[in-house]
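Below are the chains, spelled out letter by letter.
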Amino acid sequence: LTGIGLVLRQPPLARFLVAALIVWSASTAINWFFSLHLLAIGAPGEVVGAAWALGALVEIPIMWAYPAIASRVGTERLLVAGAVALALRAATISFVDDPLLVTLTMALHGIGFALMLVGGVTYVARHAPPATAATAQGILSATVFGLALVIGPGLGGLAAGAWGLPTMFVLATLIGSVAVVAMAVAVSRRR
């Protein structure tokens with residue numbers, strides 16, 4: 001518990017974790033209902049599977065190349081770019097009902113997922129206090145794969161139940177847009 005407190009008291013990490021929670025929550029709300037949405041707009045089941053494969057095909061090379069990309073662009077910019085990619089995906093899904101175009105948004109998901117995941121691990125490693133690296137990575141994992149998976153689909157499900165999937169996607173787009181700003185502020189070096 002001492003290590004958790006020490007990590008959370010680091011301003012760069014605390015700001016980043018809040019921004020990451022917003023980014024991932026909006027993204028997981030979209031992901032949770034993505035397959036249902038594709039089917040609802042007329043995509044055959046094979047296209048749904050292909051969409052998820054497309055996301056993986058895009059994210060894996062980006063993850064592999066991340067160190068080279070980050071050395072040129074910087075981790076902070078890549079984190080913001082990842083948040084932007086996920087917000088653009090949400091916006092496209094919100095306003096486009098062509099199954100092929102919605103399927104192709106998984107390329108944006110792959111970009112955003114890879115940049116946010118590897119960038120997040122890199123950012124946390126860089127800002128973790130001495131002897132708390134494992135604790136800091138554990139907190140990041142709990143944020144991304146725990147809290148965001150509860151908050152995003154939970155609130156997304158409530159919104160979809162009350163107002164329908166299209167409205168939930170618009171709300172996720174708005175939250176994703178706020179998340180871009182939150183991430184840009186969180187990782188800004190000008191303090």
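Presented here is an overview of the structure given in this document.

Looking now at the overall build of the protein chain. The helix and strand tally for the protein chain stands at seven helices and zero strands. Counting from the amino terminus, helix and strand elements in the protein chain follow one another as α-α-α-α-α-α-α. For the protein chain, whose C-alpha radius of gyration is 17 Å, the value lies close to the compact-globule estimate of 16 Å for 191 residues. When the backbone C-alpha atoms are referred to their principal axes, the protein chain occupies close to 50 × 35 × 25 Å. Split into buried and exposed, the 191 residues of the protein chain put 44% on the buried side. Counted over contacts in the protein chain with a minimum sequence separation of 6, partners at least 24 positions apart contribute 81%. Accessible area of the protein chain: about 9200 Å², with a carbon and sulfur share of 74%. Across the protein chain, the 9 positively charged side chains and the 5 negatively charged ones have centroids separated by 26 Å.

In the Ramachandran plot, A131 falls in the positive-phi region, its phi being about 70° despite a non-glycine side chain. Assignment of secondary structure puts A131 in the loop between α5 (99-127) and α6 (133-163).

Moving on: helix α3 (residues 45-73). Along α3, the helix axis deviates most sharply at Y66, where the bend reaches about 60°; the proline P67 sits within four residues downstream. Considered for burial, the residues of α3 that qualify are V48, A51, G55, V58, E59, I62, Y66 and A70. Contacts from the buried residues of α3 go to α2 (11-40), α4 (75-95) and α5. Following α3 by one or two positions, G74 has its phi on the positive side, about 105°.

Now for the nonpolar core. Ranked by size, the top nonpolar core spans 27 residues in total, and within it F16, V23, W24, L79, M116 and M183 carry the most contacts. If you list the elements that add at least two residues to this core, you get α2, α4, α5, α6 and α7 (165-187). No other element matches α2, which puts seven residues into this core. When sequence neighbours within four positions are dropped, the list of residues in contact with W24 reads F113, M116, L117, V144 and A148. Among the nonpolar cores identified, the runner-up in size contains 17 residues, and A29, A43, V48 and A51 belong to it.

Turning our eyes to something else, we now look at the layout of surface pockets. What the largest pocket holds in volume is close to 220 Å³. Taken together, the residues that form the lining of the largest pocket break down as eleven nonpolar, three polar and no charged. Of the pockets and cavities examined, the second largest pocket occupies roughly 190 Å³. Lining the second largest pocket are ten residues, and of these E76, R77, V187, S188 and R189 lie nearest its centre. Ranked by residues supplied to the lining of the second largest pocket, first place goes to α4 with four residues. Its residues assigned to classes, the lining of the second largest pocket comprises three nonpolar, three polar and four charged.

Criteria and thresholds
Residues numbered from 1 in each chain as written. Predicted model: local features only at pLDDT ≥ 70, side-chain atom pairs only at ≥ 80, totals over all residues. Heavy atoms only, no water. Helix = DSSP H or I, 4+ residues; strand = E, 2+ residues; numbered from the N terminus. Rg over C-alpha atoms; globule rule 2.2 N^0.38 Å. Buried < 20%, exposed > 50% of the residue type's maximum accessible area, 1.4 Å probe, protein only. Contact = heavy atoms within 4.5 Å. Areas by Shrake-Rupley, 256 points an atom, 1.4 Å probe, with all protein chains shown as cover. Lys, Arg positive; Asp, Glu negative; His and termini not counted. Charge placed at Lys NZ, Arg CZ, Asp CG, Glu CD. Bend = angle between axes of the 7 residues up to and from the residue. Core = buried A, V, L, I, M, F, W, Y, C linked by side-chain atoms within 4.5 Å. 1 Å grid on protein atoms, 1.4 Å probe; cavity = no way out; pocket = protein on both sides within 12 Å on 5 of 7 lines; lining within 4 Å. Points joined across faces, edges and corners; volume = space filled by probe spheres on them. Nonpolar A, V, L, I, M, F, W, Y, C, P; charged D, E, K, R; others polar.

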